[in-house]
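As a plain string of letters, each chain reads:
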Amino acid sequence: IGVLALQIPVDNMATVLAGSDLLGRTGVVYLVDHQGRALNDRDGERGYEALDPLPDLTQVAAAARGETTYASGVPGLSGNPVIALTDQAGFAGSSFGFVLEQDMSEAMVATRELRNLTLMMLGIVALVVTLLAVALARILTSRITLLSESVRAMSDGDFDTPIDQTRTGDEIGDIARALESFKRDLVEGRKASDEREA
């Protein structure tokens, strides 16, 4: 009877996962057996070798039990608060858990950037709306001022100056057309009065 040994390339898998852009600069991936021991080596300040017992962390325990979990703000292997994902994988009849960790400070960068971008976009929209409101207010004010000058000219007895805004299709145009009709009636009334006096 012999022994058959199967070597799973977990170091290669962990290296590929850890080197992805998804985990950023602080992200790590490590594999865990059902006893909470590391199945891959890790270099660095808090390094470990395969089959070293890992610290008693929430995500390590979940991975050892083969659970799929998400934890935020829990201590990581580095000692810093991390976002951690755990799941179970299998290969050639063997199962193991794996953990993905990323420091909270780096994980929240995208959220902060999105918040800053949203605030900037809201500021731009508010500025554009304000500028449009000011421009619209100036346009309306100038049109009303022209109409007011036409009314003032009529009250001074000037019926020869044409009334502005009669060709526009909005409410100010309606007022200008009504004023034009009123001016014609006044002119007709003045003619009739002059004829009576004559």
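Residues numbered from 1 in each chain as written. Predicted model: local features only at pLDDT ≥ 70, side-chain atom pairs only at ≥ 80, totals over all residues. Heavy atoms only, no water.

A. Representation of the side chain of R143 within the structure. By the element assignment, R143 lies in helix α4 (residues 109-155). Judged by relative accessible area, which is 14%, R143 ranks as buried. Polar side-chain contacts of R143 include one of 3.1 Å to the side chain of T168. (Helix = DSSP H or I, 4+ residues; strand = E, 2+ residues; numbered from the N terminus. Buried < 20%, exposed > 50% of the residue type's maximum accessible area, 1.4 Å probe, protein only. Polar contact = N/O pair within 3.5 Å; in protein donor to acceptor, adjacent residues only side chain to side chain.)

B. Highlighting empty space enclosed by the protein. For the coordinates displayed, the defined rule picks out 1 cavity of 30 Å³ or more. Reported here for the largest cavity is a volume of approximately 40 Å³. Taken together, S150, A153, M154, D158, T161, P162, I163 and K183 form the lining of the largest cavity. At 3 residues, the largest contribution of residues to the lining of the largest cavity is made by α4. Of the residues contributing to the lining of the largest cavity, the split by class is 4 nonpolar, 2 polar and 2 charged. (1 Å grid on protein atoms, 1.4 Å probe; cavity = no way out; pocket = protein on both sides within 12 Å on 5 of 7 lines; lining within 4 Å. Points joined across faces, edges and corners; volume = space filled by probe spheres on them. Nonpolar A, V, L, I, M, F, W, Y, C, P; charged D, E, K, R; others polar.)

C. Just the pattern of salt bridges, in detail. Going through the model one piece at a time under the given rule, you end up with 5 salt bridges. Close ionic contact of D170 with R143 constitutes a salt bridge, the shortest N to O distance being 2.6 Å. Of the two residues, D170 is situated in the loop between α4 and α5 (171-197) and R143 in helix α4; the sequence distance between them amounts to 27 residues. Looking at D170, the relative accessible area reads 24%, which means it is partly exposed. The salt bridge partner of R177 is D174, with a shortest N-O separation of 2.6 Å. Taken together, the residues R177 and D174, both in helix α5 and 3 residues apart, mark about one turn of the helix. In this structure D174 comes out as partly exposed when scored by relative accessible area, which is 43%. (Salt bridge = Lys/Arg side-chain N within 4 Å of Asp/Glu carboxyl O.)

D. Local environment of the packing of α4 against α5. Following both chains from N to C, one finds α4 and α5 inclined at 10 degrees, their axes separated by 11 Å at the closest point. Relative to α5, the element α4 is oriented roughly parallel. Counted together, L140, R143, I144, L147, S150, V151 and M154 of α4 and I172, G173, I175, A176, L179, F182, K183 and L186 of α5 form the full contact between these two elements. Grouping the constituent residues of the contact of α4 with α5 by class yields 11 nonpolar, 2 polar and 2 charged. (Axes fitted to C-alpha atoms, helices over the stretch in contact; angles between N-to-C directions. Parallel < 35°, antiparallel > 145°, perpendicular 65-115°, else oblique. Contact = heavy atoms within 4.5 Å.)

E. Inspection of the nonpolar core at higher detail. In terms of nonpolar packing, the biggest core is built from 12 residues, these being V28, Y30, V32, A38, Y48, L54, L57, V60, A63, A64, L77 and V99. Counting only elements with at least two residues in this core, the list comes to β1 (28-32) and α2 (58-64). Beyond its immediate stretch of four places on either side in the chain, V60 contacts Y30, V32, G36, L54 and P55. Counting residues in hydrophobic clusters, the runner-up holds 7 residues, among them L147, I163, I172 and L179. (Core = buried A, V, L, I, M, F, W, Y, C linked by side-chain atoms within 4.5 Å.)

F. How the structure looks around a nonpolar patch on the surface. Where nonpolar side chains cluster on the molecular surface, the patch consists of L114, L117, M120, M121, I124, V128 and L132 and spans about 670 Å² of accessible area. Mapped onto the secondary structure, L132 falls in helix α4. Among the residues examined, L132 registers a relative accessible area of 57% and is labelled exposed. (Patch = residues over 30% accessible without salt bridge, like charges linked within 9 Å, V, L, I, M, F, W, Y side chains within 5 Å. Areas by Shrake-Rupley, 256 points an atom, 1.4 Å probe, with all protein chains shown as cover.)

G. How the structure looks around the side chain of E101. For E101, the location among the structural elements is in strand β4 (residues 94-103). Of note is the side chain of E101, whose polar atom sits 2.7 Å from the side chain of Q59.

H. Fine view of the pairing of β4. Counted residue by residue, β4 has 8 buried out of 10 residues, so it is predominantly covered. In this sheet, β4 lies alongside β1 in antiparallel orientation, the contact comprising 5 bridges. Considered in β4, the bridge of V32 is made with G97. (Pairing = 2+ DSSP bridges.)

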